[in-house]
Amino acid sequence: MARANLAKSPITVVVHGCFTNPREGLEQAAGLQAKYGAECVPFLWPANGRATPWDYRSDKADAEISAPAFGRFLAKAALYHTKHSLVFRGRRQECRVPAVTLVAHSMGCYLLKLAVLSENTAWGPRGLRRDEAPVFDNIAIVGADVNSWDHLMWVDDLAPSGSVFITSNPKDKALLASDVIPGEKQLARLGQTVEDAEPKKKARVYVEFDIVEPENPREHGYHTVNTSGGPIERFFSAVMRG
C-alpha cells in the first residue's frame, strides 16, 4: 500500500478462476497490472490449469477447500488497510489513500461466495462487519461461475464503500459448458444471466456485455483482453480507480 500511495496507483486484489493454475494466475495479475496501471495483488489457489470436465469438478473441490484461506487473506487485508489508512491520514502533508478494488473472476467468485457465507472463515461471519471501515472501494464480480438465483444471499453482504459491479455475457461459452453439469450447484450462472435481482440497491450495479467471437476470442475473460481503449477497458479502468 505504501508503494501504491507513493506512485499514486490504485490497488487491485485479483482472484482467478478455474482452469488457471497458480503460474497462470500470476501472469494474469501481471497482465492486469500492466493494462490498468494498478498494483495487482493475486490470491492464488490450486486450480489444475486444464479444461476438462474432470478438472472442472476437481477445481471446484479445490475452491471449496481454499475458501477458509481466502477468508484469512481478506481479514489480514482488512487489518493492514485499516492500519495504513490511519498512518496515511495522520501525516501532516496531504496524502491520498489509494483506492482498493477486488476483482473476482469465474470460479474465483465461488471462492468469494463461500468465504462470505461461511461462519468458519476469518472474514466475517457473513462478510465484512458493518461497523468496520470497508476494505474495498469497489468489488467486481466478473463472469461469475456461481448460481444466479441466490446471489443476493451473499452479494449484499460484501459492503464496499463504493459499488459491487456484476458483469455478465449471455454468450459466454465457458459458462454455457458449466451449465450442462448436473446438480443443484450448477444452475443458471450469474456471469451468463442475472435472474430476479430485486430488491434493487444503489450499491449493486449490473453490467451486461455482448461479446462473441470473432469480436473477442476471450468472451469469458474479457477483462484481460487488450481492447485498445474500448468500452470494456474503460469500464474496468474506472472500477479499479475507485
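Residues numbered from 1 in each chain as written. Predicted model: local features only at pLDDT ≥ 70, side-chain atom pairs only at ≥ 80, totals over all residues. Heavy atoms only, no water.

**Focus on the overall build of the chain**
When helices and strands are tallied, the chain shows seven helices and six strands. Element order for the chain, N to C, with α for helix and β for strand: α-β-α-β-α-β-α-β-α-β-α-β-α. For the chain, restricting intrachain contacts to residue pairs at least 6 apart in sequence, the fraction spanning at least 24 positions comes to 77%. When the accessible area of the chain is evaluated, it comes to approximately 11600 Å², of which 57% is carbon and sulfur surface. (Helix = DSSP H or I, 4+ residues; strand = E, 2+ residues; numbered from the N terminus. Contact = heavy atoms within 4.5 Å. Areas by Shrake-Rupley, 256 points an atom, 1.4 Å probe, with all protein chains shown as cover.)

**A few points about the confidence of the model for the chain**
Residues with a pLDDT of 70 or more make up 72% of the chain, whose mean pLDDT is 79. Every residue in residues 88-94 is under pLDDT 50, and counting partners more than four places away or in other chains gives eight contacts. (pLDDT = per-residue confidence, 0-100.)

**Structural notes on the environment of F73**
Secondary-structure assignment places F73 in helix α3 (residues 53-90). C-alpha of F73 to C-alpha of F43: the two residues are 30 residues apart in sequence and 8.1 Å apart in space. Not counting the four nearest positions on each side in its chain, F73 is found in contact with V13, V41 and F43.

**Overview of the sheet that holds strand β4 (residues 138-142)**
The strand order β2-β1-β3-β4-β5-β6 describes an open sheet built from six strands, whose pairing is parallel. Whereas interior strands pair on both sides, the edge strands pair on one side only; in this sheet they are β2 (39-43) and β6 (204-208). For this sheet, the mean angle separating the axes of adjacent strands, direction not counted, is 20 degrees. Examined bridge by bridge, strand β1 (residues 11-15) and strand β3 (residues 100-105) share five bridges and lie parallel to one another. When the bridges of β3 are listed, T12 appears paired with T101. (Pairing = 2+ DSSP bridges. Axes fitted to C-alpha atoms, helices over the stretch in contact; angles between N-to-C directions.)

**What to know about helix α2 (residues 22-36)**
Its 15 residues place the ends of α2 21 Å apart at the C-alpha level, agreeing with the 21 Å of an ideal helix rising 1.5 Å per residue. Those residues of α2 that are buried lie in contact with β1, β2 and α7 (231-240). At the N-terminal boundary of α2, the capping side chain belongs to N21, with an oxygen 3.2 Å from the backbone nitrogen of R23. Backbone geometry just downstream of α2 places G37 in the positive-phi region, at approximately 75 degrees. (Expected span 1.5 Å × (residues − 1). Polar contact = N/O pair within 3.5 Å; in protein donor to acceptor, adjacent residues only side chain to side chain.)

**Comments concerning the packing of aromatic side chains**
The way to describe two aromatic rings as a pair is by their centre distance and the angle between their planes. A complete count under the given rule lists ten aromatic pairs for this structure. When the centroid spacing of 6.2 Å and the interplanar angle of 15 degrees are considered together, the rings of F70 and F73 count as stacked. Of this pair, F70 and F73 both sit in helix α3, three residues apart, which is roughly one turn of that helix. Classification of F70 by relative accessible area gives buried; the value is 0%. The class of F73 is partly exposed, set by a relative accessible area of 24%. Relative to F235, the ring of F209 lies with its centre 5.7 Å away and its plane at 75 degrees, an arrangement referred to as edge-to-face. Taken together, the residues span a long stretch of sequence, with F209 in the loop between β6 and α7 and F235 in helix α7 at a distance of 26 residues. With respect to class, F209 is no different from F235; both count as buried. (Phe/Tyr/Trp six-rings, centres within 6.5 Å; stacked < 30°, edge-to-face > 60°. Buried < 20%, exposed > 50% of the residue type's maximum accessible area, 1.4 Å probe, protein only.)

**Considering unusual backbone geometry**
Phi at F19 takes a positive value of approximately 60 degrees, unusual for a residue other than glycine. Along the chain, F19 falls in the loop between β1 and α2. Look at A159: it is not a glycine, yet its phi comes out positive at around 55 degrees. With respect to the helices and strands, A159 occurs in the loop between α5 (152-155) and β5 (164-168).

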